[in-house]
Amino acid sequence: MPDESRPGTERWIEETSAFDRVRSVAFALQEPRTAGRIAESAHVSEKTARGHLQRLVEMDVLLVAAGDRPRTYYPDPAYMRYREIRTLAREHDRDELTDIVATLKGDIEAWRDEFEVETPDELRASVADDDVSEAAVYDRQRTAEDWEYADYRLGLIRDALAQYDRLTSRPPASA
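Residues numbered from 1 in each chain as written. Predicted model: local features only at pLDDT ≥ 70, side-chain atom pairs only at ≥ 80, totals over all residues. Heavy atoms only, no water.

Draft legend 1. Highlighting unusual backbone geometry. Backbone geometry at histidine 43 places phi at a positive 60 degrees, although glycine is not the residue there. Summarising the element assignment, histidine 43 is placed in the loop between α3 (35-42) and α4 (46-58). Located in the positive-phi region is glutamate 116, a residue other than glycine, with phi close to 55 degrees. The exposure class assigned to glutamate 116 is exposed, which follows from its relative accessible area of 71%. (Helix = DSSP H or I, 4+ residues; strand = E, 2+ residues; numbered from the N terminus. Buried < 20%, exposed > 50% of the residue type's maximum accessible area, 1.4 Å probe, protein only.)

Draft legend 2. View of α4. Given a rise of 1.5 Å per residue, 13 residues ought to cover 18 Å, and the 18 Å separating the end C-alpha atoms of α4 matches this to within 8%. Every buried residue of α4 is accounted for by Ala49, His52, Leu53, Leu56 and Val57. Burial along α4 is one-sided: seen end-on, the buried residues are contained in an arc of 145 degrees. Projecting away from the buried face of α4 at angles above 90 degrees are the exposed residues Lys47 and Glu58. Those residues of α4 that are buried are in contact with α2 (18-27), α3, β2 (62-64) and β3 (72-75). (Expected span 1.5 Å × (residues − 1). Arc of directions from axis to C-beta. Contact = heavy atoms within 4.5 Å.)

As structure tokens, then:
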């Protein structure tokens, strides 16, 4: 999220619409935020942000946290997942996606062999073993996070491959 003190912020403000800035900030959220906080990051008024956020809610790309006062907004996880799947299918052909799958599966197999565990949760639990040093604790934590991300990416790629034709087809041009 651009910050006025960071290089490029003025250009970002000049070259993008208020809607695009609000959408960009909202899509980057890791937890629900109020319209005021989103407005501040997007360099728009709170009223402008509220209007654009409502439009994004109506488009089913943002959600409003239930019962929150003031209202807070966050990206719809289903929409964000679909965007990632569509991007994978558009940016990679089937062979490239297959190569990525092979690499991710190879990484997971290597972690299973190296740490003698079957899941990232088992790897996390292993940090309490007597023979695990302090440095190894942090290494195992990072590896567990990488493993979870690899599992997540595998799910995305599996969906991209299953829906590849639909995601990459273009309707014929009309005259």
